[in-house]
Amino acid sequence: QIAILDFGSQYSHLIARRVRELNVFCELYSCLVEPQVLARNKVVGVILSGGPHSVYEAGSPHVHAEVWKMIEEKKLPVLGICYGMQEIAHVFGGKVAPGLEREYGKAIVSHIDANKAAGEALVGDLPAEFQMWMSHGDKLHSVPTGFVDILRTSNSQHAGIANPEKKMYGLQFHPEVTHSPLGKDLLRNFVVNICGAPTNWNMLDIADEFVREVRERVGPEGKVIGAVSGGVDSTVAAVLLKTAIGDRFHAILVDNGCLRKNEAVEVVDRMRNKLGINLRCVDAADRFLGLLAGKTEPEEKRKIIGTTFIDIFQEEALKIGAVDYLLQGTLYPDVIESISYKGPSAVIKSHHNVGGLPATMHLKLIEPLRELFKDEVRTLGIALGVEEFSVWRHPFPGPGLAIRCLGELNMENLDMLREADAILIEELNRAGIYREIGQAFAVLLPVKSVGVMGDFRTYEKVCAIRCVQTTDYMTADWYHMPYEVLGRISNRIINEVRGINRVVYDISSKPPATIEWE
Ligand code: XMP
């Protein structure tokens, strides 16, 4: 494996992700990892991540002296990225000091021809000039003993350093981010060519490893519960748990009356019958709709749904008895957000998801997906045999159609919305554009407009269609839908859904609009 020692950069997991994309097994360790921990695994190379500290400051983190000794004894190749390079400099006698100004953004990197041979293995096949992403304050002022400069930018003579005898390299820039288009080639050169790491690792290995870990943690008797929605994250997480502990994993699907058309039935069929997951479905539609009756204020609706969901979940947990662990489908982007965010924030929308559960229940968390990005979860889902329909499903918010049925919530409006939504999704699939879109849904507006159908005047509801493209759901652009598809969707909704006589298309991006309407 490749050992990545994490100095706390927000990109550390991206290094792991890139290495995994090369089908090479890697693990992320604390930068302070003890040598015995590393010695337990067959490490063939080490990557030192970036980090927010300055190597010359007292109290800044450093790799354990015994780990350096092990690296030298085993002649392990090392690649230091940003702080990681400065750590190499710190240990081998280079000089690091604050740069005159922080360097942040794209930089053009070129080779230092005089030292071409030293950089050959790492960057020899890269073009004369290439773009990489910089994000640093400190800079190398002199190279450490035994190293030479191999790359430079207009701003720095020391953008890359090498000691080919020791197979040690340092980079001032971040090859792991997408703004460094050739970064993956560079990482491949290090991991595959220089370290000689085997390239036979795949997503199923992640699954095996996780299954082993859960069995060890939960023991032969322990029970785990988890809420499922039928979306890709909760489905993949549930399959992993079922594989690890069988029926001691209890999945709970709460039907709050605000699910999509046939959703509860289909999720039960897929999860229970096809995937063999121990699933209980709680039909709580009346309870939710009773509590939501007459409520029109979005935050109030969200609060009611959130707290009722927790109540039901707890009631079900009590019925199962002595549960020790809670499964959560946390993904890596959620982890980065919660770690990197420090200050107080204005509540834009009080998101309801399972994250609100554990405090009162004193359950220990199991988060199998916390190191993965959404597309990796999808790849894992496919590797685990989850059907494509679930794997590629757009995300669906916890409060469901309640926040897409604006204003008053009742079964009649919800059913109208369910029909319109089902038509939309059907047409997107028929046109073959469902996967181009990050999220697509219908919204029922609390507005009536006049229309004419046959010889009759109508006075009915307006339905808005919202389709967005996004990578992270933090920002989004409205989807430029082909007119013919829009036309078909509008025609079918107006003709087939009684109570709707007008369809509009939402062309707002986020920000300033949000993806959901409430
Ligand atoms: P907004 O509307 O804030 O939505 O732009 C961003 C993403 O979050 C989803 N969303 C939710 N997901 N519980 C969830 O699990 C919620 O309460 C919730 N509210 C919004 C939304 O569907 C979009 O994908």
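In this text the structure is predicted, and so the values were computed from the model without any measurement.

**Concerning the pairing of strand E9 (residues 168-171)**
Side chains of E9 alternate between two faces, with Met168 and Gly170 and Tyr169 and Leu171 buried alike. When strand E4 (residues 78-81) meets E9, the two strands line up parallel, connected through four bridges. Counted as the bridge partner of glycine 80 is glycine 170 from E9. Pairing of strand E8 (residues 156-163) with E9 involves four bridges; the strand directions are antiparallel. Residue pairing in the sheet places isoleucine 161 in a bridge with glycine 170 of E9. Where E8 folds back onto E9 in an antiparallel hairpin, the turn is made up of four residues, including lysine 167, whose phi is positive at roughly 55°.

**What about the domain arrangement of the chain?**
According to the domain assignment, the chain consists of domain 1 (2-194), domain 2 (203-391) and domain 3 (404-505). Computed from C-alpha atoms alone, the centre-to-centre distance between domain 1 and domain 2 is 38 Å. Contact residues are listed per partner, giving five residues for domain 1 and six residues for domain 2. Here the residues of the side of domain 1 that touches domain 2 sort into two nonpolar, two polar and one charged.

**Describing the confidence of the model for the chain**
Taken over all residues, the pLDDT of the chain has a mean of 91, while the share at 70 or more is 95%. When the criterion is pLDDT under 50, residues 339-347 qualifies, and its contacts beyond four places in sequence or with other chains add up to one contact. Scoring the predicted complex yields pTM 0.78 and, for the interface, ipTM 0.98.

**Some words on unusual backbone geometry**
Residues lysine 510 and proline 511 are joined by a peptide bond in cis, for which omega reads -15°. Checked against the element boundaries, proline 511 lands in the segment after strand E18 (500-505). Even without glycine at this site, lysine 75 takes up a positive phi of about 55°. With respect to the secondary-structure elements, lysine 75 resides in the loop between helix H3 (65-74) and E4. Residue classification places lysine 75 among the exposed positions, given that 9 C-beta atoms sit within 10 Å. Residue lysine 167 is not a glycine yet carries a positive backbone phi of 55°. Considering the arrangement of structural elements, one finds lysine 167 in the loop between E8 and E9.

**So, the UniProt feature "binding site: ATP" (unreviewed entry) in the chain**
Per the UniProt annotation, the sites labelled "binding site: ATP" (unreviewed entry) are Ser229, Gly230, Gly231, Val232, Asp233, Ser234 and Thr235. Among the secondary structure elements, serine 229 is positioned in the loop between strand E10 (224-227) and helix H8 (232-245). Contact partners of serine 229, with chain neighbours within four places excluded, come to Ser234 and Phe396. Among the secondary structure elements, aspartate 233 is positioned in helix H8. Here aspartate 233 is in contact with Gly329, Leu331, Leu369 and Val377, once residues within four sequence places are set aside.

Rules and cut-offs
- Residues numbered from 1 in each chain as written.
- Predicted model: local features only at pLDDT ≥ 70, side-chain atom pairs only at ≥ 80, totals over all residues.
- Buried ≥ 20, exposed ≤ 12 C-beta atoms within 10 Å, placed from the backbone.
- Helix = DSSP H or I, 4+ residues; strand = E, 2+ residues; numbered from the N terminus.
- Pairing = 2+ DSSP bridges.
- Domains from an automatic or database assignment.
- Contact = placed C-beta atoms within 7 Å.
- Nonpolar A, V, L, I, M, F, W, Y, C, P; charged D, E, K, R; others polar.
- pLDDT = per-residue confidence, 0-100.
- UniProt positions renumbered as here; feature names shortened; annotations may be inferred.

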